[in-house]
Amino acid sequence: MASDLVRISVAMPCDLLDRLDAFSARRGLSPNRSEAIRDLVRERLVGEVVGDPDAEVMGSITMVYDHHRAGLTQRLDEIQHEHLDVVVSKMHVHLDHGLCLETIAVRGSSAQVHDLSDQLLGVKGVRHGKLVCVAAH
Ligand code: NI
């Protein structure tokens, strides 16, 4: 399979690289960073490719962001108001002086839910985010 491999260059902060190495060691993954990154990418993408885009799903979008960042909170609210048919409910937790955690309950077609998640988690300033969804039926 070596002929299928494409070499890329990835820049990341030292502390993130340290965390990747520690994560790989804990999970018993190969000390080879390329293999560790491939495993993580596969794990992240597996949920993206399965499922019918028209299937009815429900789940949650959880994200952490800095509410001091100009326009960020407003943009996240606007996106949710544009998806009234998908957003069911929301919980907001003030984590510390600057950071907020939000968990949004969602329901709709897989395509709608993924579209909302991609829009929210793609907003600059959202530090962490994850969509978890299951079949509604
Ligand atoms: Ni807050």
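Check the entry above for the structure.
Keep in mind it's a predicted model, so treat the numbers as computed, not measured.

Looking at the pairing of strand β2 (residues 87–94)
Along a regular strand, successive side chains alternate from one face of the sheet to the other.
Step number 1: The pairing of β2 with strand β3 (residues 99–109) spans seven bridges and is antiparallel. Bridging across to β3, His-92 finds its partner in Glu-102.
Step number 2: The hairpin turn running from β2 into β3, its antiparallel successor, is four residues long.

Overview of helix α4 (residues 110–121)
Step number 1: With 12 residues, α4 extends 16 Å between its outermost C-alpha atoms, agreeing within 8% with the 16 Å of an ideal straight helix rising 1.5 Å per residue.
Step number 2: Listing the buried residues of α4 in full gives Ser-110, Val-113, His-114, Leu-116, Ser-117 and Leu-120. All buried residues of α4 lie within an arc of 160° about the axis, which places them on one face of the element.

Concerning the layout of surface pockets
Step number 1: Reported here for the second largest pocket is a volume of approximately 540 Å³.
Step number 2: Broken down by element, the residue count for the lining of the second largest pocket peaks at five residues, all from helix α2 (residues 33–49).
Step number 3: Of the residues belonging to the lining of the second largest pocket, the class tally is seven nonpolar, two polar and five charged.

Observations concerning the nonpolar core
Step number 1: Core analysis: the largest hydrophobic core is formed by 17 residues, its most contacted members being Leu-76 and Leu-120.
Step number 2: Broken down by secondary-structure element, the contributors of at least two residues to this core are β1 (56–66), α3 (72–81), β3, α4 and β4 (126–135).
Step number 3: Excluding residues within four positions of it along the chain, Leu-76 makes contact with Met-63, Tyr-65, Leu-120, Val-123 and Val-126.

Reading the values: rules and limits
- Residues numbered from 1 in each chain as written.
- Predicted model: local features only at pLDDT ≥ 70, side-chain atom pairs only at ≥ 80, totals over all residues.
- Heavy atoms only, no water.
- Pairing = 2+ DSSP bridges.
- Helix = DSSP H or I, 4+ residues; strand = E, 2+ residues; numbered from the N terminus.
- Expected span 1.5 Å × (residues − 1).
- Buried < 20%, exposed > 50% of the residue type's maximum accessible area, 1.4 Å probe, protein only.
- Arc of directions from axis to C-beta.
- 1 Å grid on protein atoms, 1.4 Å probe; cavity = no way out; pocket = protein on both sides within 12 Å on 5 of 7 lines; lining within 4 Å.
- Points joined across faces, edges and corners; volume = space filled by probe spheres on them.
- Nonpolar A, V, L, I, M, F, W, Y, C, P; charged D, E, K, R; others polar.
- Core = buried A, V, L, I, M, F, W, Y, C linked by side-chain atoms within 4.5 Å.
- Contact = heavy atoms within 4.5 Å.

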